[in-house]
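Structural overview for review
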Amino acid sequence: MSRALLLLRRRLVGSIFVLLIVIVGTFLLLEAAPGDAVDAYLVSTGGDAGLVEAMRQSWGLDQSAATRLANYLWALLHLDLGQSVAFSRPIRDVILERLPVTLILMGASTALSFGVGSALGIYAGARPGSVRDRVLSTASLALYAVPGFWLALVLVIVFAVDLRWFPISGFETIASGKTGFARAADIARHLVLPVTSLGVIYLALYLRMMRAGMAEVWRLDFIRAARARGLSRRRIVLAHVARNALLPLVTMLGLQSAQMLGGSVVIESIFSVPGLGRLAQEAVAMRDTPLLLGIILVSAILVVLINLLVDIAYAFLDPRVGASEASA
Amino acid sequence: MRRLVQIPEALVGLGILAVLVVMALAAPMLFPGDPLAIKGAPLLPPFQEWSLPLGTDRLGRDVLAELFHGARTSLAVGLAAAAAAIAVGAVIGTLAGFAGGILDETLMRITDAFQTVPSFLLALAFVSVVGPSLTVVVIAIALSAWTGPARVARAEVLSIRERDFVAGARVIGMHPLEIALREVLPNALPPVLALSSVIVASAILIEAALSFLGLGDPNRVTWGGMIAEGRTVLRSAPFLSIVPGIALVLTVLGVYLAGEGVVEGTAVRKGLS
Amino acid sequence: MTGPLVSIRDLSVTYRRDATSFSLRNIDLDIAPGERLAIIGESGSGKSTLALAVAGLLPPTAAVNGAILWSGQLQLPRGGRDIGFVFQDASASLDPVMAVGREIAEVAHTHLDQDWAQAERRALELLRRVKLPDPGTVLHAYPHQLSGGQRQRVAIAAAIAAGPRLLIADEATSALDTIVQAEIVALIRQLVAEDGMALLFVSHDIALAAELADRIAVFRRGEMVELGKANAVIQAPEHAYTKKLLDAHIGLDAEPMIAPVGHGHV
Ligand SMILES: Nc1ncnc2c1ncn2[C@@H]1O[C@H](COP(=O)(O)OP(=O)(O)OP(=O)(O)O)[C@@H](O)[C@H]1O
Ligand SMILES: [Mg+2]
């Protein structure tokens, strides 16, 4: 346990630096954007141009870049991401409202891709070079080449338009009045296609990683030793080969969380799922750069948190982690 | 090269890429003029009219012509973005690995930061701030794609740094920067280049997604844009979204297969020598 | 008198099917129950190949001719149950992410029909038998937390967990330093004696072999050039190659180790 805590503390310090860099980056992008918050405000409200200078002054926009960065940081420390021009509300509130939906979508996609992907990977990797191994690894390579947004359209054509098994879009039936389990089931039905579209590429990725990892582990000496001890093939495959090959997949779970957040932009837009990704697309469409950068910042924080969780999980799965530091 | 041909997957991949390159190069000759010009009645189904084999889209544009010109965009963006990402990543990684200390630490934290931000969101923000054009899309993609090459290059440099020829260069008094870029970088390059197929593929996919959201270069045909166009008539003419999507899948698959084949082929050669 | 535990009849093994070079050629050899047999020979002489063949662990690509009989029958011995195998590199024979107690318990669970709690208790008892300090803690330790000698003790515990009748040790002590090596050899000697196991001890160290074994078989280029009582082979080697092995050894560091054997016999 202390091993995991030690690791966590070190990662936490590193993460703070990383987030600071991200903040400076978003600030620079904000500065690079044509016009400033006042312009955007005027465009959206058609307000009095005479007020411009006064507003610039009161928002601190007439000060030096360094001062503005300091102000920006100060505001962020107070969890103030600024005002969304497009929604006329604080950016923080808009984002927090959309966050849970994206978390559900990502959680379900991750569970699908990791669960099914590693299971199929174990099935393929249990017999390297067998027919099923070759078929699955070819199929996964093909799947890996499929862009999520296009898969989404194909799934919509087949399962929503033709077969009518699933709704075409949305997060839940509007004003259905459903509660509790019925509501959860309704949401689940709406999310089948988006979750699949978002997760399939990672399913292929985990499948490939698992079978490749298992192929490596099969060659290691301790597997020969396990065989010499007469363990059943099933035990060797699951408790030793797959168990060892699982570790890099867990690392990838953290690494790909950023990619999945990016992927959710198109998927949520296609299925009108009111999450963070859809919000990013709306921010672009409504030219609300501060909102878009707020989303980026929150995404980065989310990615950092997910990676911390993954690091903890990894420390529990791999007893060697942090061993050198703990003893040093 | 001869060995490559013996790996069937690589052969398929190279075949797909060859077709693609031919399509891209031949597009202006086979389909001269603006591919976005209207050529016939709108929503003509495929295989109906001899002069428009794949039919027309919602505005009456020649789908086949669009497909050919789209290959140009996809390949151009994929290759340019990957080249930029690998060049930038290799230089940054080499500097970090060679310099060590504070510079290394700083560069690696910056790399971390770029990997923490979802690359698609970063590309989205960059294009929407600067405005869409082919160059901007390329930069937007390279902006987050350089991190992988940087990490690999750094790891490679760390292992090369202490070898004899580097020590030799130090002894004859070469400037450290010169050593880093002229002696170390070229030796660190092969494993970095092994990443190129993955980077090209993901660049093509990101470009397609950007175009799909309407953030591609508005003056060019893109497969992503075609898919988005077709989406508005998804029920009546699903074909319009499906065809460019298949082109996209085949392209990305071709890049992966060829890339894996090359890596495998070089591994075989190394194993034999 | 019961028959031999293992009978090797005219055994030839080649790893490459097309090649005419044999890793083992026309080997005839018996191992009696409870007997300690040492296999010696230079690197590449086929010692490991023989050990793997007996345990049925040769890669599927290897071509095997001849017969290996287990207790007089043509059926294969069951790895772990009938034969315990200890490899040279203990670090590489333990799963890096499995607690060593579990790794031992697995064998008992598989072969002795024990549930996990029983198997775990058996693992604890085995750790005590292989003389690991603080077995209660070691039970939950991972390989990277143990020394090389401790890992080899764990590997031995796993090898004997199901009470095999034959223990094969393929260079089980070569990777260890001299003091630890002597301890492990003593441990193997004791375990074999206590359990009445037969021992197939593979080594390129003729002195070590003489110290531990009843009989010694000398291998060279896949052929068995000499087989006899340990003392006889050491003191009156018949084959020139054995003489060479002995000379090479005495010339080096082994004098103190070979001495007690000489004394014991004279
Ligand atoms: N898996 C294998 N594939 C091909 N050839 C092999 C394989 N294992 C062993 N050989 C060959 O068979 C011969 C005998 O090897 P073996 O491992 O049995 O020797 P050894 O006496 O155990 O040597 P060492 O003392 O080095 O362990 C050698 O020539 C070796 O090259
Ligand atoms: Mg050997």
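Structure report, in brief.

Parameters and conventions
Residues numbered from 1 in each chain as written. Chains lettered and ligands numbered in written order. Predicted model: local features only at pLDDT ≥ 70, side-chain atom pairs only at ≥ 80, totals over all residues. Heavy atoms only, no water. Salt bridge = Lys/Arg side-chain N within 4 Å of Asp/Glu carboxyl O. Helix = DSSP H or I, 4+ residues; strand = E, 2+ residues; numbered from the N terminus. Buried < 20%, exposed > 50% of the residue type's maximum accessible area, 1.4 Å probe, protein only. Contact = heavy atoms within 4.5 Å. Buried area = accessible area lost by both parts, 1.4 Å probe. Polar contact = N/O pair within 3.5 Å; in protein donor to acceptor, adjacent residues only side chain to side chain. Nonpolar A, V, L, I, M, F, W, Y, C, P; charged D, E, K, R; others polar. Core = buried A, V, L, I, M, F, W, Y, C linked by side-chain atoms within 4.5 Å. Near = heavy atom within 4 Å. Areas by Shrake-Rupley, 256 points an atom, 1.4 Å probe, with all protein chains shown as cover. Arc of directions from axis to C-beta.

Following the criterion strictly, the structure yields 34 salt bridges over all chains and no others. The residue A:Arg235 makes a salt bridge to C:Glu106 at a minimum N-O spacing of 3.0 Å. Of this pair, A:Arg235 sits in helix H10 (residues 233-271) while C:Glu106 sits in helix H2 (residues 100-111), which puts the two residues in different chains. Accessibility assignment for this pair places A:Arg235 and C:Glu106 in one class, buried. Ionic pairing is found between B:Arg61 and B:Glu229, a salt bridge with its closest N-O pair at 4.0 Å. You can see B:Arg61 sitting in the loop between helix H2 (8-30) and helix H3 (63-99) and its partner B:Glu229 sitting in helix H11 (residues 223-231), a full 168 residues away along the chain. Judged by relative accessible area, which is 23%, B:Glu229 ranks as partly exposed. Put simply, B:Asp57, B:Arg58, B:Arg61, B:Glu66 and B:Glu229 are held in one network by salt bridges that share partners.

Moving on, we come to the interface of chain A and chain B. Contacts between chain A and chain B engage 45 residues on the former and 40 residues on the latter. Summing both sides of the interface, chain A and chain B together bury roughly 3,500 Å²; the carbon and sulfur share of this comes to 82%. Inspection of the region where chain A meets chain B yields one salt bridge. Residue B:Glu260 pairs with A:Arg208 through a salt bridge whose shortest N-O separation is 2.8 Å. Between chain A and chain B we count four residue pairs in polar contact (both at pLDDT 80 or more) in total. Contributing elements (two or more residues each) for the side of chain A that touches chain B: helix H1 (2-32), helix H6 (131-144), helix H7 (148-162), H10, helix H11 (276-285) and helix H12 (289-317) of chain A. Sort the elements by how many residues they give to the side of chain A that touches chain B and H12(A) lands first, with nine residues. For the side of chain A that touches chain B, the residue count by class is 35 nonpolar, seven polar and three charged.

Let us now look at the interface of chain A and chain C. The extent of an interface is frequently quoted as the accessible surface area lost upon association of the parts. Taken together, the contact between chain A and chain C spans 21 residues of the former and 23 residues of the latter. Both faces combined, the contact of chain A with chain C buries some 1,900 Å², and carbon together with sulfur accounts for 61% of it. Where chain A touches chain C, the interface holds ten residue pairs in polar contact (both at pLDDT 80 or more). Mapped onto the side of chain A that touches chain C, the elements with two or more residues apiece are helix H9 (221-228) and H10 of chain A. Split into classes, the residues belonging to the side of chain A that touches chain C amount to nine nonpolar, four polar and eight charged.

Ranked by internal contacts, the top residues of the largest apolar core, which has 157 residues, are A:Phe149, B:Leu124 and B:Leu210. Considering each element in turn, this core owes the most residues, 16 residues, to H10(A). Discounting residues that sit within four places of it in the chain, A:Phe149 has contacts with A:Val266, A:Ile267, A:Ile270, B:Ala208, B:Ala209, B:Phe212, B:Ile227 and B:Leu248. Judged by nonpolar contacts, the second largest core, of 40 residues, contains C:Ile156, C:Ala159, C:Val185 and C:Leu199.

A separate point is the site of ligand 1. Residues and elements named next belong to chain C. Surrounding ligand 1, one finds Tyr15, Ser23, Glu42, Ser43, Gly44, Ser45, Gly46, Lys47, Ser48, Thr49 and Glu171. At 2.6 Å from an oxygen atom of ligand 1 is found a side-chain nitrogen or oxygen belonging to Ser48. The side chain of Glu171 places a nitrogen or oxygen atom 3.4 Å from an oxygen atom of ligand 1. Within the complex, 58% of the 630 Å² of free accessible area of ligand 1 lies under protein. Broken down by class, the residue content of the shell around ligand 1 amounts to one nonpolar, seven polar and three charged.

Considered for burial, the residues of H11(B) that qualify are B:Trp223, B:Gly224, B:Met226, B:Ile227 and B:Gly230. Taken end-on, H11(B) shows its buried residues confined to a sector of 160°, consistent with a single buried face.

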